[in-house]
Amino acid sequence: MSSVAVRTPARRKGVGLGLVAWVLGIVFFLPIAWMALTSFHSETDAAKNPPAFGASLTLDGYRDFFGTGGGASPWPALANSVVASVASTLFVLVLALPAAYALSLRPVKKWTDVLFFFLSTKMLPVVAGLLPIYLFAKNTDMLDNIWLLVILYTSMNLPIAVWMMQSFLAEVPVAVIEAARVDGARLPTILTRVVAPIALPGIAATALICFIFSWNELLFARVLTGVVAETAPVFLTGFITSQGLFLAKVCAASLVISLPVLAAGFAAQDKLVQGLSLGAVK
């Protein structure tokens, strides 16, 4: 009887937490579902208040986004976002892995101060560095250049990547590294063939977060690019005008531009959960 009495409150607690999780999940999913539904409405129906739930569905918003109605094509902007996000994420991983290795497995003196310094660079408001970066890009003829965004995104995501990967690499057994060193493996081999496979979930989680940050960045892309290096978020803002209706078109564009991030998160969800939970239980 006592065991049953003990299990009943625990079971009720688990059911209650599950219901809370479902409610929160639905609350967070509702804006995405609303955006998807609005994207299939006409501009007149999308602008109605209260909204018309039973309005007829149409693909006009997607036709306008993909330029089939005579508008600008989104493919160059999407390609620029892919290049900027993927290239900057790869550069971040290449630079962050040895830095995190030095701070976790081969710690330096006052390594916690080093990590705090990395994070302190994220405390500066982005707009505070906008003017110096713009003047630098102008004087070096790098305005409207996709590789300027790659450099910026790499420098912006590198501190948080080092901070995250340091905690992940701290879980790598030192004995494995020492065994590889005894066998004659040099540092590049240790990083790529020993440390990286063990810390792969953490590396995947870091890469996904850096990719999302780069893909969603708007301020620098809006100011430093024009036509050649325009990214997808900048292209999206072009649908917002002071005249006419644009809600359905913006929802369609937002949904399409969000798909790469959603697909990457869904594909790497197991690695993301596993990576973010490293070190949580000792």
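Residues numbered from 1 in each chain as written. Predicted model: local features only at pLDDT ≥ 70, side-chain atom pairs only at ≥ 80, totals over all residues. Heavy atoms only, no water.

Tallying secondary structure elements over the chain gives 14 helices and zero strands in all. Listing each helix as α and each strand as β along the chain from the N terminus yields α-α-α-α-α-α-α-α-α-α-α-α-α-α. Across the 282 residues in the chain, those meeting the buried criterion constitute 36%. Within the chain, counting contacts between residues at least 6 apart in sequence, those at least 24 apart form 76% of the total. Roughly 16,600 Å² of accessible area belongs to the chain as shown, and the carbon and sulfur atoms make up 71% of that amount. (Helix = DSSP H or I, 4+ residues; strand = E, 2+ residues; numbered from the N terminus. Buried < 20%, exposed > 50% of the residue type's maximum accessible area, 1.4 Å probe, protein only. Contact = heavy atoms within 4.5 Å. Areas by Shrake-Rupley, 256 points an atom, 1.4 Å probe, with all protein chains shown as cover.)

What follows covers unusual backbone geometry. The backbone phi angle of aspartate 141 is positive, close to 55°, even though this residue is not glycine. The residue aspartate 141 is located in the loop between α6 (130-139) and α7 (146-169) in this model. The exposed category is assigned to aspartate 141, whose relative accessible area is 69%. With a phi close to 60°, aspartate 144 is a non-glycine residue in the positive phi region. For aspartate 144, a relative accessible area of 23% puts it in the partly exposed group.

What follows concerns the environment of valine 114. Take valine 114: it is sitting in helix α5 (residues 111-120). With a relative accessible area of 27%, valine 114 lands in the partly exposed category. Considered as a pair, valine 114 and tryptophan 163 are 49 residues apart in the sequence and their alpha carbons are 9.6 Å apart.

The next thing to look at is α7. Side chains that are three or four residues apart share a direction in an α-helix, a result of its 3.6 residues per turn. The end-to-end C-alpha separation of α7 is 32 Å, in line with the 34 Å expected for 24 residues at 1.5 Å each. The sharpest bend along α7 comes to roughly 40°, located at leucine 158, with the proline proline 159 sitting one to four residues further on. In terms of burial, α7 is a largely internal element, 17 of the 24 residues being buried. Sitting at the amino-terminal end of α7 is asparagine 145, which places a side-chain oxygen 2.9 Å from the backbone nitrogen of tryptophan 147. (Expected span 1.5 Å × (residues − 1). Bend = angle between axes of the 7 residues up to and from the residue. Polar contact = N/O pair within 3.5 Å; in protein donor to acceptor, adjacent residues only side chain to side chain.)

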